[in-house]
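For reference, the chains in residue letters:
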Amino acid sequence: MPERRTPHDDLVDHLVRSTSLARGEAARVVLDVLAYFDESAEEYVRRRHRELRSRGLTNDAIFRQISEELPHRAVAPPALSLRQLRRIVYG
């Protein structure tokens, strides 16, 4: 059965050649990275809030940390105030 080609086969091929990853593993890595970069600012804020909340941080500490992290994202979103961050999580 021939392999199904994807739009990112060049990158998968490169990872297979340059690492010890098998083709299936390399394809999963590419899909994970693409999903990471596809995450919107709102999705990121909600996900990070859940993660930091599960570690027992308070909302003040959580929103402060998220506001420090956001500018370092691959595609930095617009600056968001602490109030805007809260509204993303709680509506």
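Here the structure is a predicted model, which is why all the values come from computation and not from measurement.

Our next topic: the pattern of salt bridges. Following the criterion strictly, the structure yields 8 salt bridges and no others. A salt bridge links Glu51 to Arg47; the shortest N-O distance between them is 2.8 Å. A residue pair is termed a helical-turn pair when its members lie 3 or 4 positions apart in one helix, as Glu51 and Arg47 do in helix α3 (residues 41-54) at 4 residues. We classify Arg47 as partly exposed; its relative accessible area is 23%. Residues Arg48 and Glu51 are paired through a salt bridge, measuring 2.7 Å at the closest nitrogen-oxygen approach. Of this pair, Arg48 and Glu51 both sit in helix α3, 3 residues apart, roughly one helical turn. Judged by its relative accessible area of 9%, Arg48 is buried. A relative accessible area of 27% means that Glu51 is categorised as partly exposed. Each of Glu39, Arg47, Arg48, Glu51, Glu69 and Arg73 takes part in salt bridges that share partners, so that together they form one network.

Together, Val29, Val33, Tyr36 and Phe37 make up an exposed nonpolar region whose accessible area comes to about 350 Å². Tracing the sequence through the fold places Val29 in helix α2 (residues 23-38).

This part is about the packing of α3 against helix α4 (residues 59-69). Contact geometry of α3 with α4 gives a least axis separation of 10 Å together with a crossing angle of 135°. On the basis of their axis angle, the class for α3 and α4 is oblique. Where α3 crosses over α4, the handedness of that crossing is right-handed. Within the contact between the two elements, α3 uses Tyr44, Val45, Arg48, His49, Leu52 and Arg53 and α4 uses Asn59, Ile62, Phe63, Gln65, Ile66 and Glu69. Its residues assigned to classes, the contact of α3 with α4 comprises 6 nonpolar, 3 polar and 3 charged.

Core analysis: the largest hydrophobic core is formed by 9 residues, namely Tyr44, Val45, Leu52, Ile62, Phe63, Ile66, Leu70, Leu85 and Ile88. Elements represented by at least two residues in this core include exactly α3, α4 and α5 (82-90). In this structure Leu52 touches Leu57, Ile62, Gln65 and Ile66, once residues within four positions along its chain are discounted.

What counts as what
Residues numbered from 1 in each chain as written. Predicted model: local features only at pLDDT ≥ 70, side-chain atom pairs only at ≥ 80, totals over all residues. Heavy atoms only, no water. Salt bridge = Lys/Arg side-chain N within 4 Å of Asp/Glu carboxyl O. Helix = DSSP H or I, 4+ residues; strand = E, 2+ residues; numbered from the N terminus. Buried < 20%, exposed > 50% of the residue type's maximum accessible area, 1.4 Å probe, protein only. Patch = residues over 30% accessible without salt bridge, like charges linked within 9 Å, V, L, I, M, F, W, Y side chains within 5 Å. Areas by Shrake-Rupley, 256 points an atom, 1.4 Å probe, with all protein chains shown as cover. Axes fitted to C-alpha atoms, helices over the stretch in contact; angles between N-to-C directions. Parallel < 35°, antiparallel > 145°, perpendicular 65-115°, else oblique. Left-handed = near helix turned anticlockwise from the far one by under 90°. Contact = heavy atoms within 4.5 Å. Nonpolar A, V, L, I, M, F, W, Y, C, P; charged D, E, K, R; others polar. Core = buried A, V, L, I, M, F, W, Y, C linked by side-chain atoms within 4.5 Å.

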